[in-house]
Amino acid sequence: MNPFLNAFITVSAESALASARTAEAEIQRGHWRGPLHGIPIALKDLFDTADVRTTAASAIFMDRVPKQDAEVVKKLKDAGAVLLGKTNMQEFAYGATSAGSYFGAVRNPWDAARISGGSSGGSAVAVAAGLCFAALGSDTAASIRQPAAYCGIVGLKPTYGLVSARGVIPLSWTFDHVGPLARTVTDSALLLQAIAGNDPATIGGRSMLIPDYAAKLLDKASPLRVGVARAFFFEELDPEIDQAVTDALRVLKRLAASLSDVVLPGTPQALLDLRATVRAREAYEYHEAFVQKSPELYQPETLTRLRADAAVNKASYLRGRREVELIRQTSDAAFQSVDVIVTPTTPIPPPLLAEVGKDVETSMTLGTQTIRNTAPFNLLGWPTISVPCGFTSAGLPIGLQISGPSGAETSVLKLARAYEQVTDWHLRRAPV
């Protein structure tokens, strides 16, 4: 199905088969490494893989072959996972559609005329279409949760710094998160278990308690107090998304200790503006030499974004970084009366590829609209998950977003699984 969906850039067939044979032999000898042993997993094509091309979906890196694995790739290999290859994505993770790739647009398995979401579109499509059991993605504004919502699967952005980003081609060091995309919450917990852990050599690395995430899922969700962030996040929603999330809240009310409205620290729009300033300077810092030397090798949308980023001066950036750190140190106060906060994952269904392909301005406008509800949580650094909560009348998946304070992955996963257990949205499969 890949030639149609365009989910993979590189398929590591020979090494995957060799890994599978090794896993089989080890398991038969009683050397079982854990739940990921022998399980086929894909990697977004910005995770460095030793001796396997890593392109970030760009002509800039067409011939880039790393000598070392990213830290999370090493961890997956240690866990015995079978790595199938590298998935397609928005070039350099700088966009929300996965249509702006040197290797062509990724197609949504629920409607091939629509975007898959981005930037981890190929990873989401590969999981949704059954090309792998799970995949890794990165998330700087939405890039795990939004494509998960648009492809009808589960996408988890862990707490900032819980998972190493060393060896992952950056977009913005301050906001980049690494996390899993999977079909179920339990699968997401199992992947998180394998990749979580402090890496002092990564930017933002943090030493946090790593519990047995899968075991914690068995705890009841009833003691959890659920907050609903209505201001901003529920504004200008597509009516069918509004209805699906409203229905989901009725279910959560039965599962939780309480359900009440809450307000995020500051204003979401201010968080978005601050994030945009810091992200812009960091993105340009990484790409400046490439932009000056080979601008013609970039996709039009990426180049447009980077040239605009050059206008952000370092003084604005430094002020922004200071403000981000202050907000992150105080933002957990939002959880004084609740344990988790719920919002819709996206305000609109996935746009048509033909729409985002009209011109760069249209693509950027639509892309920005799709990530409105996810991006604030990258600045806050909270753990956030998207789970399926319904479908539009056109058969397009809808996502529910659940967030918790820093380090509270267990609460986020617990409520997500409790909701998953009493609904059947996650059981539906894409028609491809």
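Residues numbered from 1 in each chain as written. Predicted model: local features only at pLDDT ≥ 70, side-chain atom pairs only at ≥ 80, totals over all residues. Heavy atoms only, no water.

Asks: Would you mind going over the overall build of the protein with me for this structure?
Replies: The secondary structure content of the protein amounts to 15 helices and 13 strands. In terms of overall dimensions, the protein is globule-like: its C-alpha atoms have a radius of gyration of 20 Å, near the 22 Å expected for 432 residues. Oriented by its inertia axes, the alpha-carbon framework of the protein measures out at about 60 × 55 × 45 Å. Out of the 432 residues in the protein, the part that is buried amounts to 60%. Sequence-distant contacts, at least 24 apart, represent 77% of the contacts inside the protein between residues at least 6 apart. Of the roughly 16300 Å² that the protein leaves accessible, carbon and sulfur atoms contribute 53%. Charge separation in the protein, taken as the distance between the mean sites of 42 positive and 42 negative side-chain charges, equals 3 Å. (Helix = DSSP H or I, 4+ residues; strand = E, 2+ residues; numbered from the N terminus. Rg over C-alpha atoms; globule rule 2.2 N^0.38 Å. Buried < 20%, exposed > 50% of the residue type's maximum accessible area, 1.4 Å probe, protein only. Contact = heavy atoms within 4.5 Å. Areas by Shrake-Rupley, 256 points an atom, 1.4 Å probe, with all protein chains shown as cover. Lys, Arg positive; Asp, Glu negative; His and termini not counted. Charge placed at Lys NZ, Arg CZ, Asp CG, Glu CD.)

Asks: Even after reading the chapter, I still don't get the sheet that holds strand 10 (residues 258-262), so can you show me in this structure?
Replies: Two strands in a sheet stick together by hydrogen bonds in their backbones, pointing the same way (parallel) or opposite ways (antiparallel). With mixed pairing, eleven strands are arranged side by side in an open sheet as 1-3-2-6-8-7-12-13-11-9-10. Edge positions in the sheet fall to strand 1 (8-11) and strand 10, since each has one partner strand and no second. Going across the sheet, the axis of each strand differs from the next one's by a mean of 30°, ignoring polarity. (Pairing = 2+ DSSP bridges. Axes fitted to C-alpha atoms, helices over the stretch in contact; angles between N-to-C directions.)

Asks: Can you walk me through the packing of helix 9 (residues 268-293) against helix 10 (residues 300-309) in this structure?
Replies: A pair of packed helices is captured by two measures, namely the crossing angle of their axes and the spacing between those axes. In contact at an axis separation of 8 Å, helix 9 and helix 10 are set at 110° when each is read in the N-to-C sense. Accordingly, the angle class assigned to the pair helix 9 and helix 10 is roughly perpendicular. Where helix 9 crosses over helix 10, the handedness of that crossing is left-handed. Facing helix 9, whose interface residues are Arg279, Ala280, Ala283, Tyr284, His287 and Val291, helix 10 presents Leu303, Leu306 and Asp309. (Parallel < 35°, antiparallel > 145°, perpendicular 65-115°, else oblique. Left-handed = near helix turned anticlockwise from the far one by under 90°.)

Asks: When you look at the state of the cysteines in this model, what are you seeing that I'm missing?
Replies: Every disulfide links exactly two cysteines, by a covalent bond between their sulfur atoms. Here the structure, examined in full by the defined rule, presents zero disulfides. No disulfide involves cysteine 132; its sulfur sits 11 Å from the nearest other cysteine sulfur, which is in cysteine 151. Cysteine 132 sits in the buried class, given a relative accessible area of 3%. With relative accessibility at 1%, the residue cysteine 151 sits in the buried group. (Disulfide = S-S within 2.5 Å.)

Asks: Help me understand the pattern of salt bridges, please; the structure alone is not making it clear to me.
Replies: Pairing between side chains of opposite charge can happen when their charged atoms approach one another. In this structure the tally under the stated criterion is 14 salt bridges. Residue aspartate 139 pairs with arginine 145 through a salt bridge whose shortest N-O separation is 2.8 Å. The two residues aspartate 139 and arginine 145 agree in class, both being buried. The salt bridge partner of arginine 230 is aspartate 261, with a shortest N-O separation of 2.9 Å. Pair noted here: arginine 230 is in the loop between strand 9 (225-229) and helix 8 (239-255) and aspartate 261 is in strand 10, with a separation of 31 residues, a long-range link. Among the ionic contacts, a cluster of salt bridges with common partners joins Glu71, Arg166 and Asp199. (Salt bridge = Lys/Arg side-chain N within 4 Å of Asp/Glu carboxyl O.)

Asks: Can you walk me through the packing of helix 10 against helix 13 (residues 360-370) in this structure?
Replies: Two elements in contact, helix 10 and helix 13, have axes separated by 10 Å at closest approach and are oriented at 75°. Relative to helix 13, the element helix 10 lies roughly perpendicular. Of the residues in helix 13, those touching helix 10 at Pro300, Glu301, Thr304 and Arg305 are Val360, Ser363 and Met364.

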